[in-house]
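Remarks on the overall topology
Listed below are the residues making up each chain.
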Amino acid sequence: MAEAALYDTFARAPLRFDRGEGVWLVTEGGERYLDFGAGVAVTSCGHSNPHLVNALKSQAEKVWHLSNLYEIPEQERLARRLVDATFADKVFFTNSGAEALETAIKTARRYHFSKGHPEKFHIITFEGAFHGRTIATIAAGGQEKYMEGFGPKAPGFDQVPFGDLDALNAAINENTGALLIEPIQGEGGVRVVDKEFLRELRRICDDRGLLLILDEVQSGVGRTGRFFAHELTGITPDIMAVAKGIGGGFPFGACLATAEAASGMKPGIHGTTYGGNPLGMACGNAVLDVVLADGFLENVRDVALVFRQGLASLKDRFPDVIEDIRGEGLMLGIKARVAAGDLVVAMRDEKMLSVPAGDNVVRLLPPLTITAEEAREGLARIERAAEKLTEAELKKTA
Ligand SMILES: *Cc1c(COP(=O)(O)O)cnc(C)c1O
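Residues numbered from 1 in each chain as written. Predicted model: local features only at pLDDT ≥ 70, side-chain atom pairs only at ≥ 80, totals over all residues. Heavy atoms only, no water.

The next thing to look at is the overall build of the protein. Check the secondary structure of the protein and you find 12 helices and 17 strands. Relative to a compact globule of 398 residues, whose C-alpha radius of gyration would be 21 Å, the protein shows 21 Å and is just as compact. In terms of principal-axis extent, the alpha carbons of the protein reach across some 70 × 55 × 45 Å. Counting only residues that meet the buried cut, the protein has 52% of its 398 residues in that class. Carbon and sulfur atoms provide 52% of the accessible area of the protein, an area that totals close to 18,100 Å². (Helix = DSSP H or I, 4+ residues; strand = E, 2+ residues; numbered from the N terminus. Rg over C-alpha atoms; globule rule 2.2 N^0.38 Å. Buried < 20%, exposed > 50% of the residue type's maximum accessible area, 1.4 Å probe, protein only. Areas by Shrake-Rupley, 256 points an atom, 1.4 Å probe, with all protein chains shown as cover.)

Encoded structure:
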């Protein structure tokens, strides 16, 4: 039963998990579920990863919170490591993905403002995008279902169809300051942006003096088998939003930028109480210890290959259930022929968790620490779910 004291904003499955171990979640009753949702791509290093648990515990015994009025060594260390491993020169820490996007939006607007172009505050985004649930980020995402009833759409966000270069070029005008895109749409249905399209966006930004903002909140921190998904394209952004996997389950995010893109962000013009808090930073540093260790991302790619090949053969065997497999690395989606929600439930009946997405897709986002054997266990459960759904379809038509 749904708890009446909570906002009615979530349709929750009647499952109560008490603890987790690696890719497994254990209910209060002791039932074990294979977790291919990872709290929506958050628990990148698995549940109760001993290295993360130790980092959090030892930080908790020292100091929990310091304001950004003081220097925070763990924050400086994490920023330096992110800078060393990416295109960025500068990092701002936030509490969530939406706030990382808010920082990205403010950074872009402030850049043009500081160059004498306050009118260049418009940002072009793409249909099917998801950038968060704040007033600005629902406008950036542009999806009516998230904006309805919340007053007028925040100004300065112009949307063009996914993958449509002509529409994009036509939408750019003297008020445009930046383009914002997820390299792989997550909520939108694991829709991978064509690599050449991303390279073209980089060229357009360079030619027309625009900033390229990537939302790697879901696709980042090893999810695709690269540290960040855009590495698969050879281009780099000017600004990038990160969250989810970077905390391994401790809630925080980050906005990364080149020194030039961040040049408008001066003392006092942006801030946060909790962003960069020592507990989060200790977890972030522990996540990087895992994800950036020698061979880790290579292993993600290897396991992803095994899993994806298995999914491809399930697609061939169950064409009435699975229409297509999409994604990159361990950010995968099953485009379903049945209702995606039915497939999620059928998998849950086999004690396997997944996450529904737009475009009738079921997302598979296991912890990056998953082994090939656990991936095969996942395949076996999806197979059983698909068998049951196929039987149910046959009964319907009989
Ligand atoms: C989850 C997500 C967000 C929002 O992150 P929150 O931490 O929920 O605010 C933004 N962009 C993308 C691509 C996401 O997947």
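Back to the write-up after that little detour.
We now examine the domain arrangement of the protein. Taken domain by domain, the protein holds domain 1 (51-291) and domain 2 (294-344 + 361-397). Taking the mean C-alpha position of each, domain 1 and domain 2 sit 29 Å from one another. Counting from both sides, the interface comprises 21 residues of domain 1 and, opposite them, 19 residues of domain 2. Each partner contributes to the roughly 1,600 Å² buried at the junction of domain 1 and domain 2, and carbon and sulfur atoms together form 62% of this total. Looking at the side of domain 1 facing domain 2, the largest losses of area belong to Val190, Arg223 and Gly225, adding up to 40% of the total buried there. (Domains from an automatic or database assignment. Contact = heavy atoms within 4.5 Å. Buried area = accessible area lost by both parts, 1.4 Å probe.)

Near the ligand the following residues occur: Ser96, Gly97, Ala98, Phe130, His131, Gly132, Glu182, Asp215, Val217, Gln218 and Lys244. For the ligand, an oxygen atom lies 2.8 Å from a polar atom in the backbone of Gly97. In the complex, the protein chains occlude 81% of the 390 Å² of accessible area that the ligand would expose alone. When grouped by side-chain class, the residues that make up the shell around the ligand number 3 nonpolar, 5 polar and 3 charged. (Near = heavy atom within 4 Å. Polar contact = N/O pair within 3.5 Å; in protein donor to acceptor, adjacent residues only side chain to side chain. Nonpolar A, V, L, I, M, F, W, Y, C, P; charged D, E, K, R; others polar.)

In this section: the UniProt feature "binding site: pyridoxal 5'-phosphate" (unreviewed entry) in the protein. Under the present numbering, the feature "binding site: pyridoxal 5'-phosphate" (unreviewed entry) in UniProt falls on Gly97, Ala98, Phe130, Asp215, Glu216, Val217, Gln218 and Thr273. For this annotated set, covering 177 residues, the C-alpha atoms extend up to 25.2 Å from each other, a dispersed arrangement in space. Here Ala98 lies in helix 4 (residues 97-114). Those residues in contact with Ala98, other than ones at most four positions away along the chain, are His131, Gly132, Arg133, Thr134 and Thr137. Along the chain, Thr273 falls in the loop between strand 12 (253-257) and helix 9 (278-291). (UniProt positions renumbered as here; feature names shortened; annotations may be inferred.)

Using the residue numbers shown here, the UniProt feature "modified residue: N6-(pyridoxal phosphate)lysine" (unreviewed entry) corresponds to Lys244. Structurally, the position occupied by Lys244 is in the loop between strand 11 (239-242) and strand 12. A relative accessible area of 21% places Lys244 in the partly exposed class. Ignoring any residue separated from it by four or fewer positions in sequence, one finds Lys244 in contact with Val40, Ala41, Val42, Glu187, Val217, Gln218 and Phe252.

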